[in-house]
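Descriptive structure summary
This is what each chain is made of:
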Amino acid sequence: MSVSVTWHGHGTYSLNVGGTNIVVDPFFAGNNPAAKTSVDDVAADFILQTHGHADHIADTVPLAKRTNALVIANFEIHAWINNQGHANTHPLNTGGGYDFPFGRAKMTPALHSSGLPDGAYGGDPGGFVVWVGGKTIYFAGDTAVFSDMALIGDLGLDLAVLPIGDNFTMGPDDALLALEFLKPKAVLPGHFNTWPLIAVDVNAWAEKVKANTAVRPIVPAVDESFAL
Ligand code: NI
Ligand code: MN
């Protein structure tokens, strides 16, 4: 089954597989300077939440409430979303996976932080490996590079979704190093150019990926979907 992947700007992505919509880190127009789509126009059956920072969670509760999507997050964020009035959540924690109706999702470690917008404790930050539609996709979330990414690479990744913006996460050079550990078939960069602090020449980075690795770089425009 084909998986349609869309980058919505910054660290926000969606997957569509057989009509099921999975949204990662909802941060849409009005909050996200890089986004074009309003959260009011987004379809969601499942939401994957990597951590609690506002540039990943600002639109999660409104999207979840309107669509009644199941929000999959670490335990602390699951409880925080319940407290915002949305009950349809599923808690995971680092290293734990679960078989959902769309496929399996497993929470991976991330080297970052996870405070929630109101100052509440957001638990540990994470990423996800998602097995969906016959594909294996790694959403790194916000993280530094770490050599245990090799264990994630051993899963056999069709796509790695990596931050490359530097300053708050790994930068372009460390993202190249991450590809050596992850060895995915393709890489989709994110978390760059949203603000001047994380400005990156993404086309130059994609050329470095081609020159130095066997990985196929994907540089989509905002809201442009591609089939995996
Ligand atoms: Ni963050
Ligand atoms: Mn972020």
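Quick note: structure is the one above.
Figured I'd write up the structure that's included with this text. On a predicted model such as this, the values are computed, not experimentally measured, just so you know. (Residues numbered from 1 in each chain as written. Chains lettered and ligands numbered in written order. Predicted model: local features only at pLDDT ≥ 70, side-chain atom pairs only at ≥ 80, totals over all residues. Heavy atoms only, no water.)

Details of helix H5 (residues 172-182)
Every buried residue of H5 is accounted for by Ala175, Leu176, Ala178, Leu179 and Leu182. The buried residues of H5 all sit within an arc of 155 degrees when viewed along its axis, so they share a single face. Where H5 is buried, its residues contact strand E10 (135-139), helix H4 (149-153), strand E11 (159-163), strand E12 (186-190) and helix H6 (202-212). Within two residues after H5, Lys183 carries a phi angle of roughly 45 degrees, on the positive side. (Buried < 20%, exposed > 50% of the residue type's maximum accessible area, 1.4 Å probe, protein only. Helix = DSSP H or I, 4+ residues; strand = E, 2+ residues; numbered from the N terminus. Arc of directions from axis to C-beta. Contact = heavy atoms within 4.5 Å.)

Considering the sheet that holds strand E3 (residues 20-24)
The mixed open sheet is built from 7 strands, whose spatial order is E6-E5-E4-E3-E2-E1-E14. Looking along the sheet, the strands with just one partner apiece sit at the ends: strand E6 (89-92) and strand E14 (225-227). Geometrically, the sheet is characterised by an average inter-axis angle of 20 degrees between neighbouring strands, direction not taken into account. The pairing of strand E1 (residues 4-7) with E14 spans 3 bridges and is classified as antiparallel. Opposite Thr6, over in E14, you have Ser225 as the bridge partner. Of the strands in this sheet, E3, strand E4 (46-48) and strand E5 (70-74) are in contact with helix H2 (residues 60-67), which crosses E4 at around 165 degrees. Lying on the sheet, helix H3 (residues 75-83) is in contact with E5 and E6; it crosses E5 at an angle near 135 degrees. (Pairing = 2+ DSSP bridges. Axes fitted to C-alpha atoms, helices over the stretch in contact; angles between N-to-C directions.)

Focus on the pattern of salt bridges
Pairs may arise between side chains of opposite charge once their charged atoms sit close together. Across all of its chains, the model carries 4 salt bridges by this definition. Put simply, Asp99 and Arg104 hold a salt bridge, and the shortest N to O gap is 3.2 Å. Judged by relative accessible area, Asp99 falls into the exposed class, the value being 53%. Classification of Arg104 by relative accessible area gives partly exposed; the value is 30%. (Salt bridge = Lys/Arg side-chain N within 4 Å of Asp/Glu carboxyl O.)

Let's talk about the coordination of the manganese ion (ligand 2)
Looking at the metal site, the manganese ion (ligand 2) is ligated by Asp55 (OD), His56 (NE2), Asp142 (OD) and His191 (NE2), spaced 2.1 to 2.2 Å from it. Every donor residue of the manganese ion (ligand 2) comes from the same chain, spaced as D-H-x85-D-x48-H. (Donors = N, O, S within 2.8 Å, 3.2 Å for Na, K, Ca; no water.)

A few points about the coordination of the nickel ion (ligand 1)
Looking at the nickel ion (ligand 1), one finds its protein donor set to be His51 (NE2), His53 (ND1), His112 (NE2) and Asp142 (OD), positioned 2.2 to 2.3 Å from the metal centre. A separation of 3.1 Å is found between the nickel ion (ligand 1) and the manganese ion (ligand 2), which share Asp142 as a coordinating residue. In this pair, His51 is assigned in the loop between E4 and helix H1 (54-57) and Asp142 in the loop between E10 and H4, connecting sequence segments 91 residues apart. There is no split in this pair, since His51 and Asp142 are both buried.

Considering the packing of H5 against H6
Relative placement of two packed helices is described by the angle separating their axes and the distance separating the axes. Relative orientation of the contacting elements H5 and H6 amounts to 30 degrees, with a least axis distance of 11 Å. In terms of their interaxial angle, H5 and H6 are classed as roughly parallel. Crossing of H5 over H6 shows right-handed handedness. Side by side, H5 and H6 meet where Pro172, Asp173, Ala175, Leu176 and Leu179 of the first sit next to Trp205, Lys208 and Val209 of the second. In terms of residue class, the contact of H5 with H6 is made up of 6 nonpolar, no polar and 2 charged. (Parallel < 35°, antiparallel > 145°, perpendicular 65-115°, else oblique. Left-handed = near helix turned anticlockwise from the far one by under 90°. Nonpolar A, V, L, I, M, F, W, Y, C, P; charged D, E, K, R; others polar.)

Looking at the environment of Asn193
Structurally, the position occupied by Asn193 is in the loop between E12 and H6. Taking relative accessible area as the criterion, Asn193 reaches 40% and is therefore assigned partly exposed. If we skip the residues at most four places from it in the chain, Asn193 touches Ile198, Ala199 and Val200. Among the polar contacts listed, one links the side chain of Asn193 to the backbone nitrogen of Val200, at a separation of 2.7 Å. (Polar contact = N/O pair within 3.5 Å; in protein donor to acceptor, adjacent residues only side chain to side chain.)

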